[in-house]
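An overview of the molecular structure
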Amino acid sequence: MSDPAAGPALGPIRCVTFTAPDLGAVEDAYRQFLGYRAVARGSVDDALARAWGAPAAAGAAMLELAPEAADDFRFRVVQGPGSNDYLPFGSYGWNAAEILVRDVDALAERLAHSPFEIVGEPQDLSFSEDIRAMQVLGPGRELLYLTQFKRPVPGLDVPETRCDVDRTFIVILGGPSMDALQDFYADKFSVPRAPAVESRVKGMSAAFGLDPEHRYPIAALPLAGKCLIEVDQMPDAAKPRVARAEHLPPGISIVSFAGEKARCLRGAADEIVEILS
């Protein structure tokens, strides 16, 4: 266990991994519409596939994409079976990645005729008109929140936005128990627990056929490097995410953080957590 007095032994977010059947299509979409660039290509070796608990991923092609202006964050895309039946916020695990952008309305115009499906049009957040965001579904059915800070927000310390579409600074995790989600990161990594608030999560309500105004307990767990994990308590009808025949689970399957010791482990919602030393 980490020393709580030393602060979180987790963060910042270094990598978000999802699967897709066509890596070329993902690369083209991210390059043309988000300004990301390919920085590594290769394949998943046996040891890494075993560490993920996904032995069927061994040998799969792998692509890493980084923002235009930085190399401190990457999307890692692993070739795998299609996941057209996967619904973000429909099961436990990593549900979305939130990315800093400079101008969300201009980006929405660019994405209107792209492989990215707009599932939430740009709007100011209910608690601050200084934050404006939209949501899109990518070629691997990865859910991305694209968030613009129009000006600094008191009490919310986030990384600087360095290019039109920059890094992931928040990841969104859903599970059956708010206490269990918070306990895992507190006990393993000394991440401070945070008070839960009741909030709309429209994607979750849509997945379960609930009123869009339905409120869920959510909390924002602060990490090192000005990053956060949003933990959402999901409805009783939610179930674990099912992977196909020892592959990685569909949607966003792994989140990688800077930490003290390189390892992979499973969290309270069976999410894959990868630590990069």
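Provided above is the structure to which this section pertains.
Reading the values: the criteria
Counting restarts for each chain: residues are numbered from 1 in the order of the written sequence. Only residues with pLDDT of at least 70 are given local features in this predicted model, and only at 80 or more are side-chain atom pairs given and counted; all residues enter the totals for whole chains, interfaces and linings. No hydrogens and no water enter the side-chain calculation; it runs on all heavy atoms of the structure. In this text, helices come from DSSP runs of H or I with a minimum length of four residues, and strands from runs of E with a minimum of two, each type numbered from the N-terminal end. For a compact globule the rule gives 2.2 Å times the number of residues to the power 0.38, and the radius of gyration it is set against comes from C-alpha atoms. Each residue is placed in one exposure class: buried if its accessible area under a 1.4 Å probe, protein chains only, is under 20% of its type's maximum, exposed if it is over 50%, and partly exposed if it falls in between. Residue contacts follow a heavy-atom distance rule, with two residues in contact if any of their heavy atoms lie within 4.5 Å. For accessible areas, the Shrake-Rupley method is used with a probe of radius 1.4 Å. Any residue's cover is judged against the shown protein chains and nothing else. For the charge count, each Lys or Arg is scored as positive and each Asp or Glu as negative, with His and the chain ends excluded. Note that the charge is assigned to NZ on lysines, CZ on arginines, CG on aspartates and CD on glutamates. An expected span of 1.5 Å times one less than the residue number is assigned to each helix. Any pair of N or O atoms that falls within 3.5 Å is considered a polar contact. Within protein, one atom must be able to donate a hydrogen and the other to accept it, and sequence-neighbouring residues count only if both atoms are side-chain atoms. We define a nonpolar core as any set of buried Ala, Val, Leu, Ile, Met, Phe, Trp, Tyr and Cys residues linked to one another through side-chain atoms lying within 4.5 Å. Whether two strands pair comes down to DSSP finding at least two bridges between them. The angle between two axes is taken between their N-to-C directions and runs from 0 to 180 degrees, where each axis is a line fitted to C-alpha atoms and a helix contributes only its stretch in contact.

Looking at the overall build of the protein chain
Assigned secondary structure in the protein chain consists of five helices and 15 strands. Relative to the globule expectation of 19 Å for 277 residues, the C-alpha radius of gyration of the protein chain, 17 Å, shows essentially globular dimensions. Along the first, second and third principal axes, the C-alpha atoms of the protein chain reach 45 × 45 × 40 Å. By residue count, 52% of the 277 residues in the protein chain fall in the buried class. Across the protein chain, contacts joining residues at least 24 apart in sequence account for 66% of those joining residues at least 6 apart. Total accessible area on the protein chain is roughly 12100 Å²; 49% of this is exposed by carbon and sulfur atoms. Here the protein chain carries 27 positive and 39 negative side-chain charges, and the mean point of each set is 3 Å from the other.

Regarding helix α1 (residues 23–34)
In this model α1 runs 16 Å from its N-terminal to its C-terminal C-alpha over 12 residues, within 8% of the 16 Å that 1.5 Å per residue would give. By the burial criterion, the buried members of α1 are Leu23, Val26, Glu27, Ala29, Tyr30, Phe33 and Leu34. If you check the start of α1, you find a side-chain oxygen 3.1 Å away from the backbone N of Gly24, and it comes from Asp22. Gly35 occupies a position one or two residues after α1 and carries a positive phi of about 75°.

Some thoughts on the side chain of Gln148
By the element assignment, Gln148 lies in strand β8 (residues 143–149). Side-chain polar atoms of Gln148 contact the backbone oxygen of Arg102, separated by 3.2 Å. A distance of 3.1 Å separates the side chain of Gln148 from the backbone nitrogen of Val104, its partner in a polar contact. For Gln148, the contacting residues outside a window of four places in its chain are Val101, Arg102, Asp103, Val104, Asp130, Ile131 and Arg132.

Focus: the nonpolar core
Side chains of nonpolar character tend, in soluble globular proteins, to be buried together. Among the nonpolar cores identified, the biggest contains 74 residues, and Tyr30, Phe75, Trp94, Leu144, Tyr185, Ile229 and Phe257 are the most heavily contacted of them. The next biggest cluster of nonpolar side chains, apart from the first, holds 11 residues, and it includes Trp52, Ala54, Ala60 and Met62.

Considerations on the pairing of strand β13 (residues 252–259)
Note on strand geometry: in a regular strand, side chains alternate between the two faces of the sheet. Burial of β13 is extensive: seven of the eight residues sit out of reach of the surface. Taken together, the six bridges between strand β1 (residues 10–20) and β13 define a ladder with antiparallel strand orientation. Bridge pairing links Ile13 to Phe257 in β13. In terms of strand pairing, β13 meets strand β15 (residues 272–276) through five bridges, oriented parallel. In the sheet register, Ser256 faces β15, and the bridge partner there is Glu274.

Details of the sheet that holds strand β3 (residues 61–66)
The sheet built from seven strands is open, its strands ordered β2-β3-β4-β1-β13-β15-β14 with mixed pairing. Strand pairing shows two members of the sheet lacking a second neighbour, β2 (37–43) and β14 (263–266), which therefore form its edges. Neighbour to neighbour, the strand axes of the sheet diverge by 25° on average, direction disregarded. Those strands touched by α1 are β1, β2, β3 and β4 (74–79), and its axis lies near 5° from that of β3. Across the sheet, helix α4 (residues 178–189) touches β1, β14 and β15, and the angle it forms with β14 is around 150°.

Some words on the side chain of Arg241
You can see Arg241 is positioned in the loop between β12 (228–233) and β13. In this structure the side chain of Arg241 is engaged in a polar contact, spanning 3.1 Å, whose partner is the side chain of Ser91. There is a polar contact of 3.3 Å between the side chain of Arg241 and the backbone oxygen of Pro250.

Quick word on unusual backbone geometry
In this structure, Pro12 follows Gly11 across a cis peptide bond, with omega equal to 5°. The residue Pro12 is located in strand β1 in this model. In the Ramachandran plot, Phe89 falls in the positive-phi region, its phi being about 70° despite a non-glycine side chain. Locating Phe89 in the fold gives a position in the loop between β4 and β5 (93–101). Assessed through its relative accessible area of 1%, Phe89 is described here as buried. A positive phi is found at Lys226, a non-glycine position, where the angle reads about 60°.

Brief notes about the sheet that holds strand β9 (residues 165–175)
If you walk across this open sheet you meet the eight strands as β6-β7-β8-β5-β9-β12-β11-β10, and the pairing is mixed. In the strand order of this sheet, the two ends are held by β6 (117–125) and β10 (197–200), each with one partner. Averaged over all neighbouring strand pairs, the angle between strand axes comes to 30°, with direction disregarded. The sheet contact formed by β5 and β9 spans seven bridges and is antiparallel.

By themselves, these are just geometric observations and shouldn't be taken as functional.
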